[in-house]
Amino acid sequence: MLISLLMATIRQAAPILITAIGGMFSEVAGVVNIGLEGMMLMGAFSAAVVSYYTGNPYIGILGGMIAGGLMALIHAVLSIKYKGNQTVSGVAINLFASGFTVFMLRVLFNQSGNTPTVPKVGTIGNISIIVLLIYVVAFWSHYFLYKTKTGLRMRAVGEHPLAADTVGIDVAKVRYFSVVMSGVLAGLGGAYLSIGALSQFTKEMSAGRGFIALAALVFGKWTPKGVLAASLLFGFADAGQTLIQQYVDFIPPQFIQMIPYVLTLLALAGVVGKAVAPSASGKPYDSTH
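What you see is a predicted model; the values in this text were computed from it and never measured.

A. Fine view of the overall build of the chain. Across its full length, the chain carries 12 helices and 2 strands. Along the chain direction, N to C, the helices and strands of the chain fall in the order α-α-α-α-β-β-α-α-α-α-α-α-α-α. The C-alpha atoms of the chain give 19 Å as radius of gyration, which agrees with the globular expectation for 289 residues (19 Å, within 12%). The C-alpha extent of the chain, read off along each of the three principal axes, is 60 × 45 × 35 Å. With 289 residues in all, the chain has 50% of them scored as buried. Pairs at least 24 apart in sequence give 78% of the contacts found in the chain among residues at least 6 apart. Of the roughly 13200 Å² of accessible surface on the chain, a fraction of 68% belongs to carbon and sulfur atoms. Side chains of the chain carry 17 positive and 9 negative charges; the gap between the two charge centres is 6 Å.

What follows is the structure, encoded as C-alpha cells:
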C-alpha cells in the first residue's frame, strides 16, 4: 500500500508541479499569472484534439504546450505591452478557457461533456512518459533559474526592472519569454491530464489544479525546490483522499474529496506574511520613465 501511495503521489503531483514551475518563471520575472488554470485547461483540450486527429499523442503533447503558450502570449501582451491589470487578465483567460473548451466540444464532437477516446501517451513501467518529462523539467528549472544568464536576467527583472534596464537588459523581452514559458509548461500539465492520465478530455478536467499550483508557488516561496516540495504535499493529499475513499464508507465522498483543497487553504494560511514575492511582481514597467 505504501508503494502504491507513493507512486500515486508522484503522479498526482505532476500536473500541479509543472504548472507551478511555469507560474514561478512568470512571477520571478515580475508578471503575476492567475490564468494558469485556463492555460492548463486549454492545454488538456488541445492535446486531446490533436491526438485524436493525428493519431499521435506525442504530437498531442506539442499541441497542448503550444495552446498553453498562445494563451500566455495573450496575457503577456495585455500585461506587458498594454500594462493592463494582471489579475483581471488572468481571470479573463480562465473564464475564456472554460467556455471555449465546452463550445469546441460541441462544434468538433457534438458533445458537451467530453471527447471520444483518444490515443494515450505510453509509459515506462507504471509511470507516464509525460510524468517523467515533467520531473526532468522541474529539476532542470533550478539549474536554469540560478545557473544560467537567462535565469539571472529573469530574477533581476522581477526584483528591480529599472536597474536591469539600466545595465542593458530588455525588460519586456525577458518578461514575454517568462510568461509564454509559464503557459507552455501549464499546457504540458494539461496534456498529462487528458492524454497521460486519461485517454480523453472531459469538461473542466483541470478541476482547480491551476489554482492549487498557485498555492504551491506561494507555499514554495517562488523557488524550484520549495515548489517541488509543496506540489508533492498537495499530490499526497490528492492521492490520500482517493485511498481513503476505498476504505472508508461512513463519510460522504464529497467531504473526503475536499481534503486537497482544505490543505491548500491551511498551507496558504500558514505562509501568509512569511512568503515574500519578487519585489516587482504584478507591477507593470514603463521604460519611458
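B. Here's a closer look at the packing of aromatic side chains. Within the structure shown, the criterion is met by 9 aromatic pairs. Consider the rings of Tyr53 and Phe109, whose centres lie 6.1 Å apart with planes at 20°: the pair is stacked. In this pair, Tyr53 is assigned in helix α2 (residues 36-54) and Phe109 in helix α4 (residues 86-109), connecting sequence segments 56 residues apart. Ring plane angle 45° and centroid distance 6.4 Å describe the contact between Phe219 and Phe234, whose orientation is recorded as tilted. One end of the pair, Phe219, is in helix α9 (residues 209-219); the other, Phe234, is in helix α10 (residues 224-247), with 15 residues separating them in the sequence. Pairwise contacts between aromatic rings join Phe25, Trp140, Phe144 and Phe177 into one cluster.

C. Structural detail: unusual backbone geometry. Even without a glycine there, the phi angle at Lys83 is positive, about 55°. Among the secondary structure elements, Lys83 is positioned in the loop between α3 (57-81) and α4. With a phi close to 50°, Ala207 is a non-glycine residue in the positive phi region. Inspection of the secondary structure assignment puts Ala207 in the loop between α8 (171-197) and α9.

D. How the structure looks around the nonpolar core. Of all hydrophobic cores here, the largest spans 72 residues; its most connected members are Leu17, Ile21, Phe25, Ile130, Ile134, Phe201 and Phe234. With 11 residues, α8 is the single largest residue contributor to this core.

E. Here's a closer look at the packing of helix α6 (residues 149-159) against α8. Across the interface, α6 lies against α8 with an axial gap of 10 Å and an inter-helix angle of 105°. Here α6 is positioned roughly perpendicular relative to α8, judged by the angle of their axes. Contacts between α6 and α8 pair Thr150, Arg153, Met154 and Val157 from the former with Val171, Val174, Arg175, Phe177 and Ser178 from the latter. Across the contact of α6 with α8, the residue classes break down as 5 nonpolar, 2 polar and 2 charged.

F. Expanded view of the side chain of Ser51. Position of Ser51 relative to the elements: it lies in helix α2. When residues no more than four places from it in sequence are discounted, the contact partners of Ser51 are Asn56, Pro57, Gly60, Val118, Pro119 and Ile195.

Calculation rules
Residues numbered from 1 in each chain as written. Predicted model: local features only at pLDDT ≥ 70, side-chain atom pairs only at ≥ 80, totals over all residues. Heavy atoms only, no water. Helix = DSSP H or I, 4+ residues; strand = E, 2+ residues; numbered from the N terminus. Rg over C-alpha atoms; globule rule 2.2 N^0.38 Å. Buried < 20%, exposed > 50% of the residue type's maximum accessible area, 1.4 Å probe, protein only. Contact = heavy atoms within 4.5 Å. Areas by Shrake-Rupley, 256 points an atom, 1.4 Å probe, with all protein chains shown as cover. Lys, Arg positive; Asp, Glu negative; His and termini not counted. Charge placed at Lys NZ, Arg CZ, Asp CG, Glu CD. Phe/Tyr/Trp six-rings, centres within 6.5 Å; stacked < 30°, edge-to-face > 60°. Core = buried A, V, L, I, M, F, W, Y, C linked by side-chain atoms within 4.5 Å. Axes fitted to C-alpha atoms, helices over the stretch in contact; angles between N-to-C directions. Parallel < 35°, antiparallel > 145°, perpendicular 65-115°, else oblique. Nonpolar A, V, L, I, M, F, W, Y, C, P; charged D, E, K, R; others polar.

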